[in-house]
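This is what each chain is made of:
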Amino acid sequence: MSAAFRRGRCAIAVLAALLALALAADAVLKIVRPSVAREALSLAAEELDVRDLAFGTAERGAAAAPDSLPDGFSEEVLPMEGRADVRVGAGGSVVGFAVPEEPARAFEAARRALCERGWTAVPSGSDAGGSFVKESGPRTWAYVSCVRTGDTTSVVVQCAATDGKG
């Protein structure tokens, strides 16, 4: 065997080892670094846990004992008449309900109702959630989130009164 042949064979072996090392490092990074989908699922699970805490449920699926609707909420923020499964939590700063619509339609209906009451939508790039502001009144900031839950959409409104009374 010639020296050139041995050097070539050695170079190929080194390149193969480097390639194997790079592939192994990539595989380890994929396992350690979560994918976008995994991060989204993790955030969704956290949001559900936060909602359970906000609505006073000790465990998923437990019936919540809602506080009463904050004073003036239906007039100033969103009308609650005829809403299904209304829940109030976090001292009245979180109000949720279910609607039989797609999230984008539910958000659009909430956006229209808020704008009719003097709120201004803050562009968020999402068709199922966003922030709203108002110049004056007991409440000047609100966030509406619409998420599909089975056959209905869960609408959650976070909106604390500036006087701290929900």
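Here the structure is a predicted model, which means the values were calculated and not measured. (Residues numbered from 1 in each chain as written. Predicted model: local features only at pLDDT ≥ 70, side-chain atom pairs only at ≥ 80, totals over all residues. Heavy atoms only, no water.)

A few words now on the overall build of the protein. Helix and strand content of the protein: four helices and six strands. Counting helices and strands in the order they occur from the N terminus, the protein gives α-α-α-β-β-α-β-β-β-β. Counting over 166 residues, the protein shows a buried share of 30%. Element-wise, carbon and sulfur atoms account for 61% of the exposed surface of the protein, whose accessible area totals about 10500 Å². (Helix = DSSP H or I, 4+ residues; strand = E, 2+ residues; numbered from the N terminus. Buried < 20%, exposed > 50% of the residue type's maximum accessible area, 1.4 Å probe, protein only. Areas by Shrake-Rupley, 256 points an atom, 1.4 Å probe, with all protein chains shown as cover.)

The next subject is the environment of Ala-160. With respect to the helices, strands and loops of the structure, Ala-160 is situated in the segment after β6 (152-158). A relative accessible area of 44% means that Ala-160 is categorised as partly exposed. With 18 residues separating them in the primary sequence, Ala-160 and Ala-142 have C-alpha atoms 7.6 Å apart.

So, about the pairing of β6. Counting buried positions along β6 gives five out of seven residues, so the element sits mostly inside the fold. Note: strand β2 (residues 94-99) against β6, six bridges, orientation antiparallel. Across the sheet, residue Val-94 finds its bridge partner in β6, namely Gln-158. As paired elements, strand β5 (residues 141-149) and β6 share seven bridges and run antiparallel to each other. Bridge pairing in β6 links Thr-149 to Thr-152. Taking the residues that link successive antiparallel strands as the turn, the β5-β6 hairpin has two residues, and the phi of Gly-150 there is positive, at about 70 degrees. (Pairing = 2+ DSSP bridges.)

The next thing to look at is the sheet that holds β2. The sheet built from six strands is open, its strands ordered β1-β2-β6-β5-β4-β3 with antiparallel pairing. The open sheet has two free edges, formed respectively by β1 (84-89) and β3 (120-122), since each of these has just one partner strand. With direction set aside, neighbouring strand axes in the sheet form an average angle of 20 degrees. Against the sheet, helix α4 (residues 103-116) contacts β2, β3, β4 (129-133), β5 and β6, and its axis sits at roughly 155 degrees relative to β5. (Axes fitted to C-alpha atoms, helices over the stretch in contact; angles between N-to-C directions. Contact = heavy atoms within 4.5 Å.)

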